[in-house]
Amino acid sequence: MTSFASFYPEYTCSYNNPLNCDRPCQTAQELKGAKFCLECGFPATLSEQAEIKGNSGTYQVTNYLGVRGYGRLYSGVKIKDQQPVEIKEYLLPKRCFNDQESGDRKQLFQRLGGIKLADSRMQNFRLVNTLESIADEKLERCYLITQAIEASQTLHQYLIQNGKMTAVQVREILNQSLQTLEFLHSQKIRFPSNQVQQGIAHSNINLDSILIKLTNKLTKHEQFSIYLCDLAIWENLFIPPAITQPAPAQKEKDLESLGLVAFYLLAGSTINYADNQPLDPRDNQHWSTTDIYLKQFIEKLIGIHTPFTSAELARQALIKLPKEGQTNNSDSSSQTQPEQSLKKVSMWLLIIVLLLLGGGIFAYVKYFKQHDDSSKYLQWSKLRRRFVDVNNVPAGQFNYTGENPGTWTFIIRQKVGKDSLEDLLYQPKPEAQATFKYTPVASSNLENLGQPIAVVQAGEKDFAITSLTQKISGELDKKSVAYDGLLVYVEFSRKNDNMTDALGGQITIDQLREIYTGRITNWQQINSNLPNLEIRPFAPTEPEANSKFIEIVLKNDPQDQALFAAKVTQWDTTRTQNQIRQEILNGQTTGIIGFGMISKIKGQCTGYPLAIVDGNKPAIQPLFQKRERRPLKTSDNLCQHDDYFFDVNAFQSYPLGYPIFVVYPKDNSRPPAGSTFAEILTTRQGQCLLSKVGLVPLQPIPDDLNNYGCKSLS
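Residues numbered from 1 in each chain as written. Predicted model: local features only at pLDDT ≥ 70, side-chain atom pairs only at ≥ 80, totals over all residues. Heavy atoms only, no water.

A.B. asks: If you had to explain the packing of aromatic side chains to someone new, which residues and values would you point to?
C.D. replies: We describe a pair of aromatic rings using the distance from one ring centre to the other and the angle between the two ring planes. Inspection of every chain in the model, using the stated rule, returns 29 aromatic pairs. It is Lys-295 that lies over the ring of Trp-287; its NZ or CZ is 5.2 Å from the centre. (Phe/Tyr/Trp six-rings, centres within 6.5 Å; stacked < 30°, edge-to-face > 60°. Lys NZ or Arg CZ within 6 Å of the ring centre and 35° of its normal.)

Right, here's the structure in full:
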């Protein structure tokens, strides 16, 4: 399948992928009835409660689910009988299809969108049942209405959540899929146009066009049903003419594609992360199974060995396939009895050893992985979905505050698409007629922090957002809405990486305390492999960040605080990083060490964020590499900003991390503006927005690697 990242170059999407971008969805949520993305003009997603009229009934959208193949998915109901359905929306954007091309594809879609048995028998061959194909004559959209398969997911989604499959599971997937292909390839089928045809190739077999439905997930032996969907005969109608079109459908290609799916399921991935290239089934190093019979069978499907000529023959061969560890009698006639016995004894001994050594480890890892997967997103699943789902929002104009300069003052002005976070939060639920205006206040110095809380206490503001809540009175309450924190950084240059490598990419709390009080002044005092160079400590200008550093690193010690004030240069983080960059360009080793708010440091590549060691605890690096989902390394290219994210679980233990709170009065006579705003920020929509502007959400967001949780808000 062609990557749809290259499908619509006519649309200047900031993610270079308008079909799978979250901005069209956000547009539909923020502007009721909007038809196009405000950022690039690509067709917006359907709004909830939107109605689609077909020949067999009217269907209502209930929820946007995300993208599958070449279309967008929604859950819905048939209005007449409230039958659950799934709606797949296909697009014919005007910049990619002219009127003639669009009209021709709509006609073909209505004629070919969906198949049934020609004799009208109702048989379940695990092919997703198509109810109706609809072409919108006024808009650039078509809809395929199908039976909803409850609790199903694509094999791709399954792999992301559960990792690679066992050989036994892959055998069963092949068995069910081949049975469905045998039906597709051989039965007389009827299209919506009443055209009858003897068999059809699927021609779009991949990890996203095969659904898996677990039938007894909680039992010891996981069982499932497999369903095929998204046949190429209608799916490929929506590939833009400028894109290279797929080869004509061939039934033999279905077997090859299914073999690749099985190979990927065993490997748990489609990519070799060592070189970022597709896994090659012809390379034995890429195989991840000890089931040699299954491996040989899959190689025949793919065509590495003499291929099967039909799905029927392939399935018969699969059924007769020896189980892993059994002897294949068809190959043993040439062996003498002693050789057979010796081989059999050796094989069983090997199997027993492998089972004893590997089985226990596998069971242990599998158990804890499943347990972790089942609970990982539990908190997310309990959140309200969007701002509009928050109830009892009081009407009126409410004023709130925070530190200036400070975290909230910085992140609220960051852009999410074309709008700033401040704009998005000004009227989060328009029908409630509530507006929230932000006006920051400045504390005069570190000894007089807490002005935001003071003005709330005095009744001048309705609530505040801050991390400095140590001195709030009993008249105020607080609720955490995200994690904030500090990152400590040193120079980062591939031309001269001695600093980060000699530090091992980490530093201790004790070393930071000694550096920022002037007790350690040369890098060789930390490690003899470091250059004989003066340490130049810098601090940011935000009182909030400095206060948290003094609290966590200096333990609020008055003497250390005085030394910090006397010996440390305070510059804006951007200025400090510019200074590092300029000195690197001049061929200097700077000796600079700095710290600052996570939202200002993550998206840069001048300073390397060090992992932090607190006492005898392991070093914690909260910044993770997306592709391999592991902590940052000194060998990583920090300039690829989109390759990194803050891991929520790691950040919860990060020594320099801390919550950020909404602080509001407990007075019940006043409108609950603060507590309501906290509820808004802790919806899924709110947590996604905060993560995009540089804070860390309170809980992991599903599929963080591809950010599906934020794209679909499902």
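A.B. asks: Help me get a handle on the sheet that holds strand E27 (residues 623-625), residues and values and all.
C.D. replies: With respect to topology, three strands assemble into an open sheet ordered E28-E27-E29, the strand pairing being antiparallel. A single partner strand is all that each edge strand has here, and the edge strands are strand E28 (630-631) and strand E29 (644-646). With two bridges joining them, E27 and E28 adopt antiparallel strand pairing. Residue pairing for E28: Phe-624 is matched across the bridge by Pro-631. (Pairing = 2+ DSSP bridges. Helix = DSSP H or I, 4+ residues; strand = E, 2+ residues; numbered from the N terminus.)

A.B. asks: Quick rundown of the sheet that holds strand E7 (residues 141-147)? Include the residues and the values.
C.D. replies: Pairing in this open sheet of six strands is antiparallel, and the strands run E1-E2-E3-E4-E7-E6 from one edge to the other. The two strands at the open ends of the sheet, each matched to only one other strand, are strand E1 (51-53) and strand E6 (130-135). Taken over all neighbouring pairs, the strand axes of this sheet differ in orientation by 35° on average, direction set aside. As judged from the three bridges shared by E1 and strand E2 (residues 58-68), these two strands associate in the antiparallel manner. From the neighbouring strand, Ile-52 faces E2, where its bridge partner is Tyr-59. (Axes fitted to C-alpha atoms, helices over the stretch in contact; angles between N-to-C directions.)

A.B. asks: Explain the side chain of Gln-687 to me, using residue names and the numbers behind them.
C.D. replies: Along the chain, Gln-687 falls in helix H22 (residues 684-692). Looking at Gln-687, its side chain comes within polar contact range of the main-chain nitrogen of Leu-698, at 2.8 Å. Ignoring anything within four residues of it in the chain, the contact list for Gln-687 reads Trp-380, Leu-383, Val-481, Leu-681, Thr-682, Pro-697, Leu-698, Gln-699 and Ile-701. (Polar contact = N/O pair within 3.5 Å; in protein donor to acceptor, adjacent residues only side chain to side chain. Contact = heavy atoms within 4.5 Å.)

A.B. asks: Help me get a handle on the packing of helix H4 (residues 167-186) against helix H6 (residues 251-267), residues and values and all.
C.D. replies: Remark: H4 packs on H6, axes separated minimally by 10 Å, with the N-to-C direction vectors making an angle of 165°. In this view, H4 runs roughly antiparallel relative to H6, as classed from their interaxial angle. Between H4 and H6 lies a crossing of right-handed hand. Residues Ala-167, Val-170, Ile-173, Leu-174, Ser-177, Leu-178, Leu-181 and His-185 of H4 lie in contact with H6, whose contacting residues are Lys-251, Asp-254, Leu-255, Leu-258, Ala-262, Leu-265 and Leu-266. (Parallel < 35°, antiparallel > 145°, perpendicular 65-115°, else oblique. Left-handed = near helix turned anticlockwise from the far one by under 90°.)

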